[in-house]
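Residue-level structural notes
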Amino acid sequence: MAKITFPVEGTHIMMFARAVGDTNPVYHDGEAAKKTEAGGVIAPPTFPQAVAQFDPEYHLRPKPGQQWFGSAKEPSGVEGKAQSSGGLHAEQHYEYHRHLRPGDVLTAETKPGKSWEKQSQRAGKLVFRERITEYRDQKGELVITARGVGVTTERPVDQKK
Amino acid sequence: MALKASRLKVGDTHKERVVENLSRTQIVQYAGVSGDYNPLHTDEVYTTKVAGYPTVFAHGMLTMGLTGKMLTNYVGDGRLTKFGVRFTNQVWPGDTLDSIATVAALRQEAGQQLVDLTVSTVNQDGREVMNGTATARLDP
């Protein structure tokens with residue numbers, strides 16, 4: 001998979017912290033952050049997920065001139081059987097060598113990991129796929145390792161079980 | 001403020017309400033900032049008529065982000081060395097989530113004091129939506 005360049009910006013960190021309801025000044029107030037142990041603004045622990053913004057091919061972002069599988073005039077913009085959304089998120093693991101700061105320019109490289117199957121009462125056959133992403137900084141140092149597991153379900157997850 | 005190893009013991013807990021009555025708009029906020037525009041999270045028409053779910057539901061990573069807020073409030077800024085979770089049930093608009101961290105172990109690694117935590121986030125019905133573990137650096 002291609003390497004993705006992920007510039008870490010203060011405004012993006014501020015908006016990310018807002019979305020998770022985190023009012024900690026260390027994520028938006030440079031002056032206040034200087035007085036903390038972090039010594040300046042840092043990114044919240046799950047911020048690496050926003051790397052999707054920097055993937056030009058990311059399949060869960062509508063693109064001009066291409067059909068989008070979400071609703072518009074019709075419940076789906078894609079005719080016939082609905083395109084899969086790519087499944088659900090089953091697991092996410094991060095290992096931090098240091099925390100991200102505005103001004104970091106990361107290079108993210110993702111490799112496929114293990115794959116396995118399981119039978120579920122609530123959603124039928126489940127297919128799990130692991131992806132490992134290494135985030136390196138502008139000096140080439142490994143700063144964060146992420147391991148995500150996605151699951152494709154045979155049918156929607158039953159809410160009654 | 002960072003946690004001190006000398007003031008912690010196995011079994012200690014820290015609990016926070018990380019979201020109350022989760023709004024669809026907050027899910028939209030998370031979609032916009034993370035870049036994950038999967039219609040399952042924000043598009044009611046697609047989600048009910050095409051995907052076959054009762055309504056839209058939150059990104060797992062929104063739940064992990066909400067839970068991360070509880071963790072960083074507990075262990076201090078920039079102190080986490082590991083954070084990993086499994087998503088066990090979906091989170092829906094209107095849900096209220098409580099996250100709890102429990103001290104599982106206190107240990108030293110290369111001269112650094114560390115705490116291992118188990119992490120659990122439950123909804124208003126007491127159903128666990130996410131569980132996992134985290135490790136953080138401590139002061140002595």
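For the structure, see preceding data.
Along every chain, residues carry numbers that run from 1 in the direction the sequence is written. Written order decides the labels, with chains lettered from A and ligands numbered from 1. For this predicted model, a pLDDT threshold of at least 70 governs which residues receive local features, and a threshold of 80 or more governs which side-chain atom pairs are given and counted, while totals over whole chains, interfaces and linings are taken from all residues. Note that the side-chain values use all heavy atoms of the structure and ignore hydrogens as well as water.

1. Digging into the overall build of chain A
Quick reminder of the rule: Elements are defined by DSSP. Helices are runs of H or I of four residues or more, strands are runs of E of two residues or more, and each kind is numbered from the N terminus. Exposure categories follow from relative accessible area, calculated using a 1.4 Å probe and restricted to protein chains: below 20% of the type maximum is buried, above 50% is exposed, and the middle band is partly exposed. Note on definitions: a residue-residue contact is assigned when non-hydrogen atoms from the two residues lie within 4.5 Å. All accessibility values rest on the Shrake-Rupley procedure with a 1.4 Å probe; residue burial counts only the protein chains present in the view. For this count, His and the chain ends are skipped, Lys and Arg are scored as positive, and Asp and Glu as negative. A charge is said to be at NZ when it belongs to Lys, at CZ for Arg, at CG for Asp and at CD for Glu.
Counting secondary structure elements, chain A contains two helices and five strands. Secondary structure elements of chain A, listed N to C terminal, follow the sequence β-α-α-β-β-β-β. When the backbone C-alpha atoms are referred to their principal axes, chain A occupies close to 55 × 35 × 35 Å. Within chain A, the proportion of its 161 residues that are buried is 42%. Pairs at least 24 apart in sequence give 60% of the contacts found in chain A among residues at least 6 apart. Entry remark: accessible area of chain A is about 9000 Å², with carbon and sulfur atoms responsible for 51%. For chain A, the centre of its 23 positive side-chain charges and the centre of its 20 negative side-chain charges are spaced 4 Å apart.

2. Some words on the pairing of strand β5 (residues 128-137) of chain B
All names here are of chain B. Spelled out, the test is: Pairing between two strands requires that DSSP report at least two bridges joining them.
Inspection of the sheet shows strand β2 (residues 80-87) paired to β5 by seven bridges, in the antiparallel sense. Note on β5: the bridge partner recorded for Arg86 is Asn131. With nine bridges joining them, strand β4 (residues 112-122) and β5 adopt antiparallel strand pairing. Bridging from a neighbouring strand, Leu114 pairs with Arg137 of β5. Between β4 and β5, which pair antiparallel and follow one another directly, the connecting turn spans five residues, one of which, Gly126, has a positive phi of 80°.

3. Considerations on the interface of chain A and chain B
Our working rule: Put simply, buried area is how much 1.4 Å-probe accessible surface two parts lose in total, over both of them, once they are put together. A carboxyl oxygen of Asp or Glu within 4 Å of a side-chain nitrogen of Lys or Arg is what we treat as a salt bridge. N or O atoms within 3.5 Å of each other form a polar contact, as long as, within protein, one can give a hydrogen and the other can take it, and as long as residues adjacent in sequence are counted only when both atoms are side-chain atoms.
Between chain A and chain B, the residue contacts involve 50 residues of the former and 48 residues of the latter. Carbon and sulfur atoms make up 55% of the area that chain A and chain B hide from each other, which totals about 3900 Å². For the interface between chain A and chain B, the tally reads one salt bridge. The salt bridge involving Glu37 of chain A is made with Arg79 of chain B; its shortest N-O contact spans 2.7 Å. Along the contact surface separating chain A from chain B lie 17 residue pairs in polar contact (both at pLDDT 80 or more). Taken together, the elements giving at least two residues each to the side of chain A that touches chain B come down to α1 (10-19) and β2 (88-96) of chain A.

4. Structural notes on unusual backbone geometry
Residue and element names in this part refer to chain B. Positive phi, normally seen in glycine, also occurs at Asn21, with a value near 50°. Its location among the elements puts Asn21 in the loop between β1 (13-19) and α1 (24-34). Asn21 gets classed as exposed once you look at its relative accessible area, which sits at 54%. Even without a glycine there, the phi angle at Ala110 is positive, about 50°. As for its placement among the helices and strands, Ala110 is situated in the loop between β3 (97-109) and β4.

5. Some remarks on the packing of aromatic side chains
All names here are of chain A. Put simply, the rule reads: For Phe, Tyr and Trp, rings pair up if their centres lie within 6.5 Å, where Trp contributes its six-membered ring, and each pair is then called stacked (planes under 30 degrees apart), edge-to-face (over 60) or tilted (otherwise).
Following the criterion strictly, the structure yields 11 aromatic pairs over all chains and no others. Note on Phe6 and Tyr135: the rings are 6.4 Å apart at their centroids and 65° apart in plane angle, and the pair reads as edge-to-face. Here Tyr135 lies in strand β4 (residues 124-136) and Phe6 lies in strand β1 (residues 4-7), a separation of 129 residues in the sequence. As far as the burial class goes, Phe6 and Tyr135 line up, both buried. Aromatic pair Phe16 and Phe47: ring centres 5.3 Å apart, planes at 80°, arrangement edge-to-face.

6. Focus: the nonpolar core
Rules: Working definition of a nonpolar core: buried Ala, Val, Leu, Ile, Met, Phe, Trp, Tyr and Cys residues. They are joined through side-chain atoms within 4.5 Å.
In this structure, Phe47 and Tyr135 of chain A together with Leu71 of chain B are the most contacted members of the largest nonpolar core, which totals 61 residues. Considering every element that reaches this core, the biggest residue donor is helix α3 (residues 60-75) of chain B, with eight residues. Beyond its immediate chain neighbours, meaning those up to four positions away, Tyr135 of chain A contacts Phe6, Pro48, Val51, Leu106, Thr107, Ala108, Glu141, Leu142, Val143, Ile144 and Ala146 of chain A. Listed in part, the 20 residues of the second largest apolar core include Tyr58, Val78 and Ala123 of chain A together with Leu40 of chain B.

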